[in-house]
Each structure stands twice: as structure tokens, then as C-alpha cells.
Amino acid sequence: MAPNSFILYTLLTFSLSFHAISAMDYNVINEAANTPGGIRFTNEIGIPYTKQIMGEINNFIWFNVFQQNNPSDQKPVDEVNVYIVEFDGAEAIEWGNNNINVSSIYLKGYEGDLKWQFTSLFYHEMTHVFQWDGEGHAPLMLVEGIADYTKLKAGYAQKGFAVPGQGDRWDQGYDFTARFLEYCDGINTGFVAKLNKKMRFDFDVKYFEELMGKPVDQLWKEYKAKYGQ
Ligand SMILES: *[C@@H]1O[C@H](CO)[C@@H](O)[C@H](O)[C@H]1NC(C)=O
Ligand SMILES: [Zn+2]
């Protein structure tokens with residue numbers, strides 16, 4: 001390689017890899033800035049902090065939980081948009097592939113460390129942006145369980161989160177399913193990453209058996225037995 005083309009090659013490689021790292025945009029819009037919840041958001045959380053944790057959580061989901069070191073394994077997303085808006089009935093919703101709406105009414109009423117709770121909530125909601133759901137075929141409560149698993153793994157399980165062995169069914173959802181996934185991951189390291197990878201285009205309950213060597217109902221029984229329930 002001639003020196004000039006080496007320099008060109010280096011520059012090109014550098015700009016390509018730089019592009020790969022900086023390609024994701026995090027947008028945060030406080031549409032409720034003049035409401036009590038929106039004011040509390042500004043005072044106790046703020047847009048800079050939200051953008052900062054979005055980057056950290058994004059990396060945690062890709063590289064830690066889903067172990068997607070190869071970008072071709074990652075869900076193609078180039079921006080994540082957050083809206084602080086006035087709506088009732090949920091803490092937050094993830095919608096339209098890469099958007100998260102956070103309720104200013106929820107923020108207003110939360111009692112406790114709002115910044116911590118908001119971070120915990122973001123581990124859950126950001127997981128919805130980046131996880132596979134079998135193109136809609138995965139049980140909704142498994143999808144919610146994986147979102148709560150991220151939170152658990154990050155050390156952001158909130159007060160009242162299920163303890164190991166709690167719950168009635170593997171697909172009960174949220175923290176109950178998260179604890180069961182944690183159990184599976186304890187036996188087969190990287191289980192949640194492998195399960196998510198299988199869920200890219202479809203879902204079949206046999207994925208559990210393929211990864212764990214036992215049907216999910218038997219795994220659930222053994223899980224319950226381990227914790228004396
Ligand atoms: C979320 O908020 C945005 C901005 O106000 C709005 O356009 C969108 O319809 C909301 N999405 C849902 C699902 O409520
Ligand atoms: Zn959810």
C-alpha cells in the first residue's frame with residue numbers, strides 16, 4: 001500500500017468506526033415543562049441526565065444483556081425519542097419502535113428518589129426499544145419479563161420487586177418472569193442473550209427447551225422447588 005492510500009485508508013476506517021459509535025441520537029423533549037410534573041422533571045432529573053443514561057443503558061443492553069457485539073445482531077435503530085407528556089394510566093409507554101413517552105402526572109406523584117426511579121424505569125423502557133419480540137409472536141409477558149430482567153441485572157430493581165422463586169407462572173410477566181430468567185441465566189450463562197437472539201423473527205416456547213434441555217414447564221417446577229415453593 002502506497003503511503004498516501006494508507007493514510008486515506010486510515011482516515012476512512014477511522015471515520016467509519018467513528019460513525020458507527022456516534023450514529024445513535026437521543027432526543028428528549030419536555031412537552032409538559034409548565035406542569036408540576038414537567039417542572040419536577042427539570043429540577044430533579046433534567047434533559048442532560050436523561051440523555052446521559054440513555055447512552056449508558058443502550059450500551060448495557062447491547063453489550064451486557066443481549067451480548068450483541070456485532071452490529072448486525074442489533075435491532076436497527078438510529079435514534080430514540082423521549083417525550084415528557086401529560087397522560088394518565090401508566091408510568092411510561094414505549095411506542096412506534098423507538099419512542100418513549102413518560103407521564104408527567106406519574107413524575108409529579110412519585111414519592112421517593114425520583115431520579116433513581118426514573119433510571120430504573122429507563123432500563124425497562126429502553127429494553128423495549130432494542131429487544132426482539134419474534135415479530136410480535138412472543139408472549140407479551142415474556143417481553144415485559146425481559147425488560148424487567150435488564151433492570152434487575154443493572155441493579156435497578158425497585159422496592160417490592162419479586163424475590164427469587166416468587167410467582168405462579170413463567171410467563172406471568174415483569175419482575176416474576178425476570179426472576180425466572182435470572183434462574184435460567186444462572187444455569188446457562190448468557191441465556192437471556194441467546195433467547196433474545198432466537199426471538200428475532202419468531203417465537204416458539206421450544207426455545208427454552210433448545211437452550212436449557214428441558215421444557216419450560218419443567219424448568220418452572222424446578223425453579224419453584226429450588227426456592228421451596
Ligand atoms: C407520545 O407523545 C407524542 C408527543 O406528544 C405524541 O405525538 C404521541 O402520539 C404519544 N404517543 C402515544 C402512544 O401516546
Ligand atoms: Zn414494558
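A brief look at the structure comes next. (Residues numbered from 1 in each chain as written. Chains lettered and ligands numbered in written order. Predicted model: local features only at pLDDT ≥ 70, side-chain atom pairs only at ≥ 80, totals over all residues. Heavy atoms only, no water.)

Considering the overall build of the protein chain
- If you tally the helices and strands in the protein chain, you get 10 helices and 4 strands.
- The C-alpha extent of the protein chain, read off along each of the three principal axes, is 65 × 55 × 25 Å.
- Across the 229 residues of the protein chain, 48% fall into the buried class.
- Sequence separation of 24 or more characterises 65% of the internal contacts of the protein chain that already satisfy a separation of 6 or more.
- Per element, the accessible surface of the protein chain, about 11,800 Å² overall, is 55% carbon and sulfur.
- For the protein chain, the distance from the average site of its 19 positive side-chain charges to the average site of its 29 negative ones is 6 Å. (Helix = DSSP H or I, 4+ residues; strand = E, 2+ residues; numbered from the N terminus. Buried < 20%, exposed > 50% of the residue type's maximum accessible area, 1.4 Å probe, protein only. Contact = heavy atoms within 4.5 Å. Areas by Shrake-Rupley, 256 points an atom, 1.4 Å probe, with all protein chains shown as cover. Lys, Arg positive; Asp, Glu negative; His and termini not counted. Charge placed at Lys NZ, Arg CZ, Asp CG, Glu CD.)

Some words on the environment of Gln-117
- Inspection of the secondary structure puts Gln-117 in helix α5 (residues 114-130).
- As for Gln-117 and Leu-107, which are separated by 10 residues in sequence, their C-alpha atoms are 9.6 Å apart.
- Beyond its immediate chain neighbours, meaning those up to four positions away, Gln-117 contacts Glu-91, Tyr-106, Tyr-110 and Gln-158.

Things to note about the site of ligand 1
- For ligand 1, the full set of nearby residues is Glu-31, Tyr-83, Val-85, Ile-93, Trp-95 and Asn-101.
- Taking Asn-101, its side chain carries an N or O atom lying 2.4 Å from an oxygen atom of ligand 1.
- Coverage of ligand 1 by the protein chains reaches 53% of its 360 Å² of free accessible surface.
- Looking at the shell around ligand 1, the elements that each hand over two or more residues are β2 (79-85) and β3 (92-95). (Near = heavy atom within 4 Å. Polar contact = N/O pair within 3.5 Å; in protein donor to acceptor, adjacent residues only side chain to side chain.)

Thoughts on α5
- Under the 1.5 Å per step criterion, the end-to-end length of α5 is 24 Å for 17 residues, consistent within 8% with the ideal 24 Å.
- A large share of α5 lies buried, amounting to 15 of its 17 residues.
- Two or three places before Lys-115, at the opening of α5, Asp-113 has a side-chain oxygen 3.3 Å from that residue's backbone nitrogen. (Expected span 1.5 Å × (residues − 1).)

Looking at the packing of aromatic side chains
- Evaluated as defined, the whole model comprises 19 aromatic pairs.
- Taking the centre distance of 6.3 Å and the plane angle of 20° together, the rings of Phe-180 and Tyr-183 count as stacked. Of the two residues, Phe-180 and Tyr-183 are both situated in helix α7 (residues 174-187); the distance of 3 residues between them amounts to about one turn of the helix.
- For the ring pair Phe-180 and Tyr-223, a centre distance of 5.4 Å and an interplane angle of 65° mean the geometry is edge-to-face. In this pair, Phe-180 is assigned in helix α7 and Tyr-223 in helix α10 (residues 216-226), connecting sequence segments 43 residues apart.
- Overall, Phe-180 belongs to the buried group, its relative accessible area being 0%.
- Through successive ring pairs, a cluster of aromatic residues spans Trp-170, Phe-180, Tyr-183, Phe-191, Phe-208, Trp-220, Tyr-223 and Tyr-227.
- Lys-115 extends its terminal NZ or CZ atom over the ring of Tyr-49, reaching a point 4.4 Å from the ring centre. (Phe/Tyr/Trp six-rings, centres within 6.5 Å; stacked < 30°, edge-to-face > 60°. Lys NZ or Arg CZ within 6 Å of the ring centre and 35° of its normal.)

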